[in-house]
Amino acid sequence: MTGPRVLVIGAGMSGLAMGVKLKAAGFDDFTILEKGSDVGGVWFWNRYPGLACDVPSLLYRYSFQNKTDWPNIFSSRDDILAYHRGVADDHDLWPHIRLDSEVVAARFAENAWHVETDAGEEFTADFLVAATGVLHHPNRPDIPGLDDFAGPVVHTARWDRGLDTTDRRVAIIGGGSTGVQITGALQPTARTLTLFQRSPQWVLWAPTTLPQPNFVTRLFRRRPALAQASFRAWVRASALFTDLTIHPGIKRRAVQSYARLCLRLIRDRDLRERLRPDYQPLCKRQVLSGNYFRAIQRPNVEVVTDRIDHVDATGIVTAGGNHHDVDIVVLATGFAAHNYMRPMNLTGRDGITIDEAWKSGPHAFAMTSIPGFPNFFTILGPNSPVGSIHLQTAAELTCDHIIRWISAFANGEMTTVEVSENATRRFNSDVVDALQPTVWNTGCESWYFKDDGTVDLWPFDLATLKQFLGQPLSSDYLITHPERGALGDQVG
Ligand code: NA7
(Lines give C-alpha, C1' and ligand atoms only; values in the text may rest on other atoms or scores of the structure.)
Protein backbone atom coordinates (compact mmCIF):
# COMPACT_ATOMS: atom_id res chain seq x y z
CA MET A 1 0.00 0.00 0.00
CA THR A 2 1.24 3.49 -0.71
CA GLY A 3 -0.40 6.42 0.92
CA PRO A 4 0.06 9.87 2.37
CA ARG A 5 3.32 11.63 1.66
CA VAL A 6 5.35 11.96 4.84
CA LEU A 7 8.57 13.88 5.44
CA VAL A 8 10.62 13.18 8.53
CA ILE A 9 13.35 15.61 9.58
CA GLY A 10 16.25 13.83 11.23
CA ALA A 11 17.58 10.27 11.05
CA GLY A 12 18.53 9.97 14.69
CA MET A 13 16.94 7.62 17.18
CA SER A 14 13.44 9.14 16.75
CA GLY A 15 13.54 9.60 12.98
CA LEU A 16 14.62 5.99 12.41
CA ALA A 17 11.84 4.79 14.73
CA MET A 18 9.37 6.78 12.62
CA GLY A 19 10.69 5.16 9.45
CA VAL A 20 10.34 1.68 10.93
CA LYS A 21 6.80 2.41 12.15
CA LEU A 22 5.74 3.89 8.80
CA LYS A 23 6.95 0.80 6.98
CA ALA A 24 5.30 -1.50 9.49
CA ALA A 25 2.01 0.34 8.96
CA GLY A 26 2.35 -0.06 5.20
CA PHE A 27 3.15 3.57 4.37
CA ASP A 28 5.96 3.67 1.86
CA ASP A 29 5.80 7.22 0.53
CA PHE A 30 8.14 8.83 3.01
CA THR A 31 11.53 10.49 3.05
CA ILE A 32 13.81 11.09 5.99
CA LEU A 33 15.91 14.22 5.51
CA GLU A 34 19.10 14.17 7.54
CA LYS A 35 21.51 17.08 7.94
CA GLY A 36 24.47 14.84 8.83
CA SER A 37 26.32 12.44 6.58
CA ASP A 38 25.15 9.37 8.50
CA VAL A 39 22.22 8.22 10.60
CA GLY A 40 22.38 8.17 14.40
CA GLY A 41 21.73 11.78 15.43
CA VAL A 42 23.63 12.59 18.63
CA TRP A 43 25.63 9.40 18.15
CA PHE A 44 26.80 10.63 14.77
CA TRP A 45 27.58 14.21 15.78
CA ASN A 46 29.25 13.41 19.09
CA ARG A 47 32.50 11.48 18.82
CA TYR A 48 34.68 12.74 21.63
CA PRO A 49 37.00 10.30 23.42
CA GLY A 50 35.26 8.36 26.17
CA LEU A 51 31.75 8.96 24.84
CA ALA A 52 29.35 6.28 26.05
CA CYS A 53 25.68 6.15 26.87
CA ASP A 54 24.63 6.73 30.47
CA VAL A 55 21.82 4.18 30.08
CA PRO A 56 22.78 0.48 30.32
CA SER A 57 23.14 -1.14 26.89
CA LEU A 58 20.48 -3.81 27.43
CA LEU A 59 17.98 -0.98 27.95
CA TYR A 60 19.23 1.52 25.36
CA ARG A 61 17.44 -0.01 22.38
CA TYR A 62 14.15 -0.06 20.53
CA SER A 63 11.47 -2.60 21.43
CA PHE A 64 11.56 -3.86 17.83
CA GLN A 65 15.34 -4.30 17.45
CA ASN A 66 16.95 -6.77 19.77
CA LYS A 67 20.67 -6.71 20.46
CA THR A 68 22.35 -8.88 23.01
CA ASP A 69 26.06 -8.84 22.22
CA TRP A 70 26.91 -5.37 23.49
CA PRO A 71 30.63 -5.31 24.32
CA ASN A 72 30.06 -3.15 27.39
CA ILE A 73 27.51 -2.74 30.14
CA PHE A 74 27.29 0.93 29.06
CA SER A 75 27.87 1.06 25.33
CA SER A 76 30.33 3.25 23.55
CA ARG A 77 29.39 5.70 20.85
CA ASP A 78 30.67 3.53 18.00
CA ASP A 79 28.64 0.50 19.12
CA ILE A 80 25.47 2.56 19.44
CA LEU A 81 26.02 4.17 16.05
CA ALA A 82 26.50 0.69 14.52
CA TYR A 83 23.23 -0.43 16.16
CA HIS A 84 21.36 2.46 14.51
CA ARG A 85 22.93 1.70 11.13
CA GLY A 86 21.77 -1.89 11.66
CA VAL A 87 18.21 -0.65 12.16
CA ALA A 88 18.37 1.21 8.84
CA ASP A 89 19.76 -1.96 7.17
CA ASP A 90 17.33 -4.44 8.67
CA HIS A 91 14.25 -2.33 7.96
CA ASP A 92 15.39 -1.30 4.51
CA LEU A 93 15.27 2.39 5.37
CA TRP A 94 18.27 3.55 3.32
CA PRO A 95 16.25 4.16 0.12
CA HIS A 96 14.12 6.57 2.16
CA ILE A 97 17.02 8.44 3.80
CA ARG A 98 18.66 11.48 2.21
CA LEU A 99 21.85 12.34 4.01
CA ASP A 100 23.56 15.74 3.91
CA SER A 101 20.17 17.37 3.49
CA GLU A 102 19.54 20.11 6.02
CA VAL A 103 16.02 21.46 6.09
CA VAL A 104 16.15 25.23 6.09
CA ALA A 105 12.47 26.06 5.64
CA ALA A 106 9.09 24.38 5.93
CA ARG A 107 5.78 26.11 5.21
CA PHE A 108 2.20 24.87 5.44
CA ALA A 109 0.05 26.06 2.55
CA GLU A 110 -2.87 24.57 0.65
CA ASN A 111 -3.13 21.63 3.01
CA ALA A 112 0.42 20.50 2.46
CA TRP A 113 3.91 21.05 3.82
CA HIS A 114 6.43 22.60 1.45
CA VAL A 115 9.95 21.87 2.57
CA GLU A 116 13.24 23.25 1.33
CA THR A 117 16.76 21.98 1.98
CA ASP A 118 20.04 23.88 2.06
CA ALA A 119 20.84 22.42 -1.38
CA GLY A 120 17.71 24.10 -2.75
CA GLU A 121 15.77 20.85 -3.12
CA GLU A 122 12.02 21.12 -2.57
CA PHE A 123 9.62 18.53 -1.21
CA THR A 124 5.88 18.51 -0.66
CA ALA A 125 4.19 16.30 1.90
CA ASP A 126 0.88 15.76 3.66
CA PHE A 127 2.60 15.27 7.02
CA LEU A 128 5.79 16.70 8.46
CA VAL A 129 7.49 15.07 11.44
CA ALA A 130 10.33 16.82 13.27
CA ALA A 131 12.65 14.27 14.83
CA THR A 132 15.34 16.87 15.30
CA GLY A 133 16.57 15.94 18.77
CA VAL A 134 17.14 17.85 21.96
CA LEU A 135 20.91 17.97 22.38
CA HIS A 136 21.98 19.15 18.96
CA HIS A 137 23.19 22.75 19.01
CA PRO A 138 26.52 23.05 20.88
CA ASN A 139 26.62 25.76 23.52
CA ARG A 140 29.77 27.78 22.87
CA PRO A 141 30.37 29.81 26.03
CA ASP A 142 30.74 33.53 25.86
CA ILE A 143 34.11 33.64 27.64
CA PRO A 144 36.15 36.80 26.96
CA GLY A 145 39.27 36.12 24.90
CA LEU A 146 38.31 32.59 23.83
CA ASP A 147 38.97 33.51 20.20
CA ASP A 148 42.45 34.78 21.13
CA PHE A 149 43.65 31.35 22.28
CA ALA A 150 46.55 30.29 20.08
CA GLY A 151 45.90 26.53 20.17
CA PRO A 152 42.92 24.39 19.23
CA VAL A 153 39.56 25.10 20.86
CA VAL A 154 37.14 22.23 20.31
CA HIS A 155 33.59 21.63 21.47
CA THR A 156 32.97 18.03 22.47
CA ALA A 157 29.88 17.85 20.24
CA ARG A 158 32.02 18.66 17.16
CA TRP A 159 35.17 16.76 18.10
CA ASP A 160 38.03 16.77 15.64
CA ARG A 161 39.28 13.19 15.36
CA GLY A 162 42.63 14.47 14.14
CA LEU A 163 43.25 16.23 17.44
CA ASP A 164 45.91 14.44 19.45
CA THR A 165 45.86 15.23 23.15
CA THR A 166 48.69 12.84 24.05
CA ASP A 167 51.34 14.52 26.16
CA ARG A 168 49.61 17.89 25.78
CA ARG A 169 48.35 20.28 28.46
CA VAL A 170 44.60 20.02 28.14
CA ALA A 171 41.93 22.27 29.66
CA ILE A 172 38.39 20.95 29.92
CA ILE A 173 35.70 23.54 30.60
CA GLY A 174 32.53 21.99 32.01
CA GLY A 175 31.90 19.11 34.35
CA GLY A 176 28.53 17.69 33.32
CA SER A 177 28.12 14.17 31.87
CA THR A 178 30.38 15.07 28.96
CA GLY A 179 33.12 16.78 30.98
CA VAL A 180 33.20 13.83 33.35
CA GLN A 181 33.43 11.26 30.53
CA ILE A 182 36.14 13.06 28.61
CA THR A 183 38.15 13.68 31.78
CA GLY A 184 38.22 9.93 32.40
CA ALA A 185 39.26 9.28 28.80
CA LEU A 186 41.99 11.93 28.35
CA GLN A 187 43.61 11.82 31.79
CA PRO A 188 45.78 8.71 31.23
CA THR A 189 47.62 10.19 28.22
CA ALA A 190 47.50 13.97 28.70
CA ARG A 191 50.58 15.62 30.15
CA THR A 192 48.35 17.72 32.38
CA LEU A 193 44.60 18.02 32.50
CA THR A 194 42.90 21.01 34.09
CA LEU A 195 39.18 20.60 34.66
CA PHE A 196 37.31 23.88 35.06
CA GLN A 197 34.25 22.94 37.06
CA ARG A 198 32.11 26.05 37.51
CA SER A 199 29.57 24.33 39.73
CA PRO A 200 30.07 20.88 41.22
CA GLN A 201 27.94 17.95 40.09
CA TRP A 202 26.83 14.89 41.99
CA VAL A 203 28.48 11.90 40.34
CA LEU A 204 27.20 8.37 40.96
CA TRP A 205 29.78 5.63 40.69
CA ALA A 206 28.56 3.00 38.17
CA PRO A 207 30.39 0.30 36.17
CA THR A 208 30.51 2.50 33.07
CA THR A 209 33.78 1.09 31.80
CA LEU A 210 33.19 -2.63 32.44
CA PRO A 211 32.57 -5.15 29.65
CA GLN A 212 29.27 -7.00 29.46
CA PRO A 213 29.88 -10.42 31.06
CA ASN A 214 30.34 -13.16 28.46
CA PHE A 215 27.79 -15.45 30.08
CA VAL A 216 25.11 -12.75 29.61
CA THR A 217 25.95 -12.41 25.91
CA ARG A 218 26.00 -16.21 25.45
CA LEU A 219 22.76 -16.71 27.34
CA PHE A 220 20.88 -14.04 25.42
CA ARG A 221 22.30 -15.23 22.11
CA ARG A 222 21.04 -18.76 22.80
CA ARG A 223 17.71 -17.55 24.17
CA PRO A 224 16.58 -14.41 22.29
CA ALA A 225 13.14 -14.65 23.92
CA LEU A 226 14.83 -14.30 27.27
CA ALA A 227 16.65 -11.19 26.04
CA GLN A 228 13.35 -9.70 24.94
CA ALA A 229 11.74 -10.57 28.28
CA SER A 230 14.68 -9.05 30.11
CA PHE A 231 14.36 -5.85 28.07
CA ARG A 232 10.68 -5.57 28.94
CA ALA A 233 11.50 -6.19 32.59
CA TRP A 234 14.14 -3.42 32.48
CA VAL A 235 11.65 -1.00 30.97
CA ARG A 236 9.15 -1.86 33.70
CA ALA A 237 11.85 -1.53 36.35
CA SER A 238 12.79 1.90 35.04
CA ALA A 239 9.41 3.06 36.37
CA LEU A 240 11.18 3.11 39.71
CA PHE A 241 13.51 5.81 38.40
CA THR A 242 10.57 7.76 36.97
CA ASP A 243 8.84 7.55 40.32
CA LEU A 244 11.75 8.80 42.36
CA THR A 245 12.37 11.76 40.05
CA ILE A 246 8.76 12.95 40.04
CA HIS A 247 7.74 12.07 43.61
CA PRO A 248 9.68 12.84 46.78
CA GLY A 249 10.05 9.90 49.14
CA ILE A 250 12.25 7.15 50.45
CA LYS A 251 13.39 5.88 47.03
CA ARG A 252 14.61 9.32 46.05
CA ARG A 253 16.35 9.72 49.39
CA ALA A 254 18.06 6.33 49.02
CA VAL A 255 19.63 7.28 45.67
CA GLN A 256 20.58 10.67 47.05
CA SER A 257 22.32 8.99 49.98
CA TYR A 258 24.26 6.85 47.53
CA ALA A 259 25.37 10.00 45.68
CA ARG A 260 26.62 11.52 48.93
CA LEU A 261 28.45 8.28 49.71
CA CYS A 262 30.12 8.32 46.28
CA LEU A 263 31.60 11.74 47.05
CA ARG A 264 33.69 10.01 49.70
CA LEU A 265 35.62 8.36 46.88
CA ILE A 266 37.51 11.66 46.82
CA ARG A 267 40.11 11.16 49.52
CA ASP A 268 41.44 14.72 49.66
CA ARG A 269 39.13 16.56 52.02
CA ASP A 270 39.67 19.99 50.48
CA LEU A 271 38.91 18.72 46.98
CA ARG A 272 35.93 16.75 48.28
CA GLU A 273 34.41 19.84 49.88
CA ARG A 274 35.09 21.98 46.80
CA LEU A 275 33.24 19.37 44.75
CA ARG A 276 30.28 19.03 47.11
CA PRO A 277 27.23 20.48 45.33
CA ASP A 278 24.91 22.75 47.30
CA TYR A 279 21.76 21.27 45.74
CA GLN A 280 20.08 17.88 45.92
CA PRO A 281 21.46 14.88 44.01
CA LEU A 282 19.34 14.09 40.90
CA CYS A 283 18.33 17.75 40.50
CA LYS A 284 20.50 18.10 37.39
CA ARG A 285 20.80 15.30 34.85
CA GLN A 286 22.52 12.66 36.98
CA VAL A 287 26.12 12.02 36.02
CA LEU A 288 27.37 8.41 36.19
CA SER A 289 30.99 7.40 36.01
CA GLY A 290 33.27 4.52 36.81
CA ASN A 291 36.53 6.37 36.27
CA TYR A 292 36.00 10.06 37.11
CA PHE A 293 36.87 9.84 40.81
CA ARG A 294 40.08 7.98 40.06
CA ALA A 295 41.00 10.34 37.22
CA ILE A 296 40.62 13.60 39.15
CA GLN A 297 42.89 12.29 41.90
CA ARG A 298 45.78 11.48 39.58
CA PRO A 299 48.88 13.71 39.87
CA ASN A 300 48.50 15.13 36.34
CA VAL A 301 44.99 16.49 37.05
CA GLU A 302 43.94 19.75 38.66
CA VAL A 303 40.30 20.60 39.31
CA VAL A 304 39.69 24.35 39.26
CA THR A 305 36.48 25.54 40.86
CA ASP A 306 37.23 29.28 40.64
CA ARG A 307 35.30 31.10 37.95
CA ILE A 308 37.01 31.67 34.61
CA ASP A 309 37.69 35.34 34.05
CA HIS A 310 39.10 35.22 30.55
CA VAL A 311 41.21 33.29 28.09
CA ASP A 312 44.39 34.61 26.49
CA ALA A 313 46.73 33.23 23.83
CA THR A 314 48.44 30.79 26.17
CA GLY A 315 45.84 29.74 28.68
CA ILE A 316 42.95 30.40 31.02
CA VAL A 317 42.87 33.04 33.75
CA THR A 318 40.52 32.60 36.71
CA ALA A 319 38.79 35.31 38.76
CA GLY A 320 41.50 34.97 41.42
CA GLY A 321 44.12 35.95 38.81
CA ASN A 322 45.70 32.48 38.36
CA HIS A 323 46.97 31.80 34.87
CA HIS A 324 46.70 28.16 33.73
CA ASP A 325 49.00 27.45 30.79
CA VAL A 326 47.40 25.00 28.36
CA ASP A 327 47.85 23.76 24.78
CA ILE A 328 44.28 22.70 23.99
CA VAL A 329 40.92 23.96 25.24
CA VAL A 330 38.05 21.47 25.25
CA LEU A 331 34.58 22.94 25.63
CA ALA A 332 32.38 20.43 27.43
CA THR A 333 29.84 23.17 27.88
CA GLY A 334 26.70 21.38 26.78
CA PHE A 335 23.96 22.34 24.38
CA ALA A 336 21.29 24.91 23.63
CA ALA A 337 18.71 22.32 24.54
CA HIS A 338 15.51 24.19 23.73
CA ASN A 339 16.12 25.16 20.12
CA TYR A 340 14.42 22.06 18.73
CA MET A 341 13.79 22.59 15.00
CA ARG A 342 15.36 26.03 14.88
CA PRO A 343 17.09 27.80 13.16
CA MET A 344 14.85 26.25 10.48
CA ASN A 345 12.18 28.68 9.20
CA LEU A 346 9.03 26.83 10.21
CA THR A 347 5.78 28.49 9.18
CA GLY A 348 2.39 27.02 10.01
CA ARG A 349 -1.17 27.92 9.13
CA ASP A 350 -1.89 31.56 8.20
CA GLY A 351 1.79 32.49 8.16
CA ILE A 352 2.43 31.92 11.88
CA THR A 353 6.10 31.19 12.48
CA ILE A 354 7.49 28.88 15.14
CA ASP A 355 9.29 31.84 16.74
CA GLU A 356 5.96 33.64 17.13
CA ALA A 357 4.20 30.51 18.37
CA TRP A 358 6.99 29.92 20.87
CA LYS A 359 7.73 33.50 21.93
CA SER A 360 7.09 32.48 25.54
CA GLY A 361 9.17 29.30 25.16
CA PRO A 362 8.80 25.95 23.41
CA HIS A 363 5.66 24.02 24.23
CA ALA A 364 3.65 21.31 22.55
CA PHE A 365 0.57 19.38 23.52
CA ALA A 366 1.65 15.95 24.80
CA MET A 367 5.19 16.65 23.50
CA THR A 368 4.12 16.42 19.89
CA SER A 369 1.41 18.81 18.61
CA ILE A 370 1.63 22.59 18.28
CA PRO A 371 -1.40 24.87 17.74
CA GLY A 372 -1.19 26.60 14.37
CA PHE A 373 0.84 23.77 12.82
CA PRO A 374 -1.54 21.28 11.15
CA ASN A 375 -0.31 17.80 10.22
CA PHE A 376 2.95 18.56 11.98
CA PHE A 377 4.34 16.53 14.87
CA THR A 378 7.49 16.47 16.93
CA ILE A 379 9.09 13.33 18.34
CA LEU A 380 10.80 13.95 21.67
CA GLY A 381 9.74 17.57 21.40
CA PRO A 382 9.07 19.97 24.30
CA ASN A 383 8.46 18.35 27.72
CA SER A 384 9.74 14.97 26.60
CA PRO A 385 10.83 12.58 29.34
CA VAL A 386 14.57 12.88 28.64
CA GLY A 387 15.29 12.72 32.36
CA SER A 388 12.94 10.03 33.55
CA ILE A 389 11.35 7.54 31.11
CA HIS A 390 12.86 5.01 28.70
CA LEU A 391 13.39 7.26 25.69
CA GLN A 392 12.91 4.73 22.92
CA THR A 393 9.56 3.77 24.46
CA ALA A 394 8.50 7.43 24.51
CA ALA A 395 9.63 7.91 20.90
CA GLU A 396 7.89 4.74 19.69
CA LEU A 397 4.63 5.68 21.42
CA THR A 398 4.79 9.11 19.79
CA CYS A 399 5.38 7.47 16.39
CA ASP A 400 2.34 5.21 16.97
CA HIS A 401 0.29 8.31 17.77
CA ILE A 402 1.38 10.02 14.56
CA ILE A 403 0.71 6.87 12.55
CA ARG A 404 -2.90 6.91 13.80
CA TRP A 405 -3.40 10.37 12.29
CA ILE A 406 -1.71 9.35 9.07
CA SER A 407 -3.98 6.30 8.89
CA ALA A 408 -7.04 8.49 9.43
CA PHE A 409 -5.86 10.63 6.51
CA ALA A 410 -5.26 7.55 4.37
CA ASN A 411 -8.75 6.29 5.18
CA GLY A 412 -10.30 9.57 4.07
CA GLU A 413 -11.42 10.48 7.61
CA MET A 414 -9.61 13.80 7.71
CA THR A 415 -7.48 16.18 5.70
CA THR A 416 -5.75 18.09 8.45
CA VAL A 417 -5.40 17.79 12.20
CA GLU A 418 -4.27 20.47 14.58
CA VAL A 419 -4.27 20.55 18.35
CA SER A 420 -6.41 23.27 19.90
CA GLU A 421 -5.03 26.24 21.85
CA ASN A 422 -7.27 25.31 24.78
CA ALA A 423 -5.96 21.80 25.05
CA THR A 424 -2.38 23.03 24.85
CA ARG A 425 -2.95 25.70 27.50
CA ARG A 426 -4.56 23.13 29.81
CA PHE A 427 -1.74 20.68 29.21
CA ASN A 428 0.92 23.32 29.93
CA SER A 429 -0.76 24.35 33.13
CA ASP A 430 -1.03 20.69 34.26
CA VAL A 431 2.68 20.29 33.45
CA VAL A 432 3.65 23.33 35.52
CA ASP A 433 1.65 22.00 38.51
CA ALA A 434 3.04 18.50 38.17
CA LEU A 435 6.61 19.83 37.99
CA GLN A 436 6.40 21.26 41.50
CA PRO A 437 7.33 18.11 43.48
CA THR A 438 9.87 16.83 40.97
CA VAL A 439 13.52 16.60 41.91
CA TRP A 440 14.46 18.85 38.97
CA ASN A 441 12.70 21.69 40.74
CA THR A 442 14.58 21.53 44.02
CA GLY A 443 16.92 24.46 43.52
CA CYS A 444 19.62 23.88 40.93
CA GLU A 445 20.32 25.30 37.51
CA SER A 446 20.44 22.87 34.62
CA TRP A 447 19.82 22.51 30.92
CA TYR A 448 16.38 21.21 31.85
CA PHE A 449 15.25 24.82 32.48
CA LYS A 450 13.82 27.01 29.74
CA ASP A 451 14.30 30.77 29.69
CA ASP A 452 10.92 31.27 31.37
CA GLY A 453 12.17 29.34 34.41
CA THR A 454 10.07 26.23 33.85
CA VAL A 455 11.48 22.75 33.45
CA ASP A 456 11.33 21.24 29.96
CA LEU A 457 10.65 17.67 31.06
CA TRP A 458 7.76 15.21 31.40
CA PRO A 459 6.57 15.36 35.00
CA PHE A 460 4.19 12.38 34.73
CA ASP A 461 4.64 8.63 34.61
CA LEU A 462 4.66 6.29 31.61
CA ALA A 463 0.98 5.38 32.05
CA THR A 464 0.04 9.06 31.68
CA LEU A 465 2.24 9.36 28.62
CA LYS A 466 0.48 6.36 27.07
CA GLN A 467 -2.88 7.91 27.93
CA PHE A 468 -2.07 11.21 26.21
CA LEU A 469 -0.68 9.59 23.10
CA GLY A 470 -3.18 6.76 22.93
CA GLN A 471 -6.28 8.91 22.50
CA PRO A 472 -5.76 10.88 19.32
CA LEU A 473 -9.42 11.32 18.39
CA SER A 474 -10.49 13.52 21.24
CA SER A 475 -11.99 16.97 21.60
CA ASP A 476 -8.49 18.34 21.97
CA TYR A 477 -8.03 18.47 18.21
CA LEU A 478 -9.40 20.53 15.35
CA ILE A 479 -9.72 18.65 12.12
CA THR A 480 -10.79 19.33 8.58
CA HIS A 481 -12.50 16.73 6.45
CA PRO A 482 -12.02 16.05 2.76
CA GLU A 483 -15.54 17.26 1.88
CA ARG A 484 -16.43 19.66 4.67
CA GLY A 485 -13.19 21.63 4.51
CA ALA A 486 -12.97 24.46 6.98
CA LEU A 487 -10.63 24.17 9.89
CA GLY A 488 -12.41 24.48 13.19
CA ASP A 489 -14.41 21.28 13.39
CA GLN A 490 -13.92 20.04 16.86
CA VAL A 491 -13.81 16.31 17.13
CA GLY A 492 -15.50 14.44 19.95
P1 NA7 B 1 25.71 19.97 30.61
O2 NA7 B 1 25.19 18.92 31.51
O3 NA7 B 1 24.83 21.10 30.25
O4 NA7 B 1 27.04 20.52 31.29
C5 NA7 B 1 27.70 21.66 30.80
C6 NA7 B 1 28.84 22.01 31.71
O7 NA7 B 1 29.50 23.14 31.18
C8 NA7 B 1 28.41 22.38 33.12
O9 NA7 B 1 29.37 21.92 34.03
C10 NA7 B 1 28.42 23.90 33.05
O11 NA7 B 1 28.60 24.52 34.30
C12 NA7 B 1 29.60 24.14 32.18
N13 NA7 B 1 29.59 25.45 31.55
C14 NA7 B 1 28.71 25.94 30.64
N15 NA7 B 1 29.05 27.20 30.29
C16 NA7 B 1 30.17 27.50 31.00
C17 NA7 B 1 30.99 28.64 31.10
N18 NA7 B 1 30.71 29.75 30.39
N19 NA7 B 1 32.05 28.61 31.94
C20 NA7 B 1 32.31 27.50 32.66
N21 NA7 B 1 31.58 26.39 32.62
C22 NA7 B 1 30.52 26.39 31.80
O23 NA7 B 1 26.22 19.36 29.23
P24 NA7 B 1 26.90 17.95 28.94
O25 NA7 B 1 27.36 17.98 27.53
O26 NA7 B 1 27.89 17.60 29.98
O27 NA7 B 1 25.73 16.93 29.09
C28 NA7 B 1 24.54 17.10 28.33
C29 NA7 B 1 23.77 15.82 28.33
O30 NA7 B 1 24.34 14.91 27.40
C31 NA7 B 1 23.76 15.06 29.59
O32 NA7 B 1 22.90 15.58 30.54
C33 NA7 B 1 23.40 13.68 29.15
O34 NA7 B 1 22.02 13.62 28.93
C35 NA7 B 1 24.10 13.58 27.83
P36 NA7 B 1 27.33 24.90 35.27
O37 NA7 B 1 26.85 23.58 35.80
O38 NA7 B 1 26.32 25.55 34.34
O39 NA7 B 1 27.88 25.80 36.26
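Keep in mind the model is a prediction, meaning the values are calculated, not measured. (Residues numbered from 1 in each chain as written. Predicted model: local features only at pLDDT ≥ 70, side-chain atom pairs only at ≥ 80, totals over all residues. Heavy atoms only, no water.)

**Digging into the domain arrangement of the protein chain**
As a measure of interface size, the accessible area lost when the parts come together is often cited. For clarity, the threshold we go by: Marked domain ranges trace back to an automatic or database domain assignment. It only takes one pair of heavy atoms within 4.5 Å for two residues to be counted as in contact. Defined here as a combined quantity, buried area equals the accessible surface (1.4 Å probe) lost by two parts on assembly, summed across both. What counts as a salt bridge is simple: a side-chain nitrogen of Lys or Arg found within 4 Å of a carboxyl oxygen of Asp or Glu.
Under the domain assignment used here, the protein chain contains domain 1 (6-135 + 337-490) and domain 2 (146-331). Between the C-alpha centres of domain 1 and domain 2 the distance comes to 28 Å. Residue-level contacts link 46 residues of domain 1 with 46 residues of domain 2. Summed over both sides, the interface between domain 1 and domain 2 buries roughly 3,900 Å², with carbon and sulfur atoms accounting for 58% of that surface. Counting the surface domain 1 buries against domain 2, the share from its top three residues, Tyr-48, Leu-58 and Val-439, is 16%. Put simply, domain 1 and domain 2 have 2 salt bridges between them. Between Arg-161 and Asp-78 there is a salt bridge whose closest N-O contact spans 3.5 Å.

**Remarks on the environment of Val-104**
The criterion, for reference: Strands are runs of DSSP state E lasting at least 2 residues, helices are runs of H or I lasting at least 4, and numbering of each runs from the N terminus. Under the scheme applied here, a residue whose accessible area is under 20% of the maximum for its type counts as buried, over 50% as exposed, and between as partly exposed, the area being computed with a 1.4 Å probe on protein chains only.
Residue position: Val-104 is located in strand S4 (residues 103-109). Judged by its relative accessible area of 28%, Val-104 is partly exposed. Sequence separation between Val-104 and Leu-478 is 374 residues; the distance between their C-alpha atoms is 28 Å. Residues in contact with Val-104, not counting those within four places in the same chain, are Glu-116, Thr-117, Asp-118, Met-344 and Asn-345.

**A look at the sheet that holds strand S14 (residues 301-304)**
This is how the line gets drawn: Any two strands with at least two DSSP-identified bridges between them are counted as paired. Only C-alpha atoms enter the line fits that serve as axes; for helices the fit covers just the stretch in contact. Angles between N-to-C directions range over 0 to 180 degrees.
Taken together, the 5 strands give an open sheet; going across it, the order is S9-S18-S10-S11-S14, and neighbouring strands pair in parallel fashion. Here the strands that pair on one side only, and so sit at the sheet edges, are strand S9 (153-155) and S14. Taken pair by pair, the neighbouring strands of this sheet meet at an average axis angle of 20°, ignoring direction. Judged from the 4 bridges that link them, strand S11 (residues 192-196) and S14 form a sheet pairing that is parallel. Looking at the pairing, Leu-193 lines up with Val-301 of S14. Packing of helix H4 (residues 177-186) onto the sheet brings it into contact with strand S10 (169-173), S11 and strand S18 (328-331), and relative to S10 it is tilted by some 165°.

**Focus: the pairing of S11**
Spelled out, the test is: Here a crossover is taken to be right-handed if, once the strands point away from the viewer, the path from the first strand over the helix to the second is traced clockwise.
Across the 5 residues of S11, 4 count as buried, placing the element largely inside the fold. With 5 bridges joining them, S10 and S11 adopt parallel strand pairing. The residue bridging Ile-173 from the neighbouring strand is Phe-196, located in S11. In this fold, the crossover linking S10 to S11 by way of H4 has right-handed handedness.

**Focus on the state of the cysteines**
Linking two cysteines covalently via their sulfur atoms produces the bond known as a disulfide. Which entries qualify depends on this criterion: Cysteine sulfur atoms are paired as a disulfide whenever they fall within 2.5 Å.
Applying the stated rule across the entire model yields 1 disulfide. At a sulfur-sulfur separation of 2.1 Å, the disulfide partner of Cys-283 is Cys-444. Taking the sign of the torsion about the S-S bond as the criterion, the disulfide between Cys-283 and Cys-444, at about -90°, is left-handed. Within this pair, whereas Cys-283 is found in the loop between helix H9 (269-274) and strand S13 (287-289), its partner Cys-444 is found in the loop between helix H13 (421-435) and helix H14 (462-470), the two being separated by 161 residues in sequence. Of the two residues, Cys-283 and Cys-444, both sit in the buried class. The closest cysteine sulfur to the non-disulfide-bonded Cys-53 is located on Cys-399, 18 Å from its own sulfur. In this structure Cys-53 comes out as buried when scored by relative accessible area, which is 5%. Left unpaired, Cys-262 is separated from the closest cysteine sulfur, that of Cys-283, by 18 Å. Assessed through its relative accessible area of 4%, Cys-262 is described here as buried.

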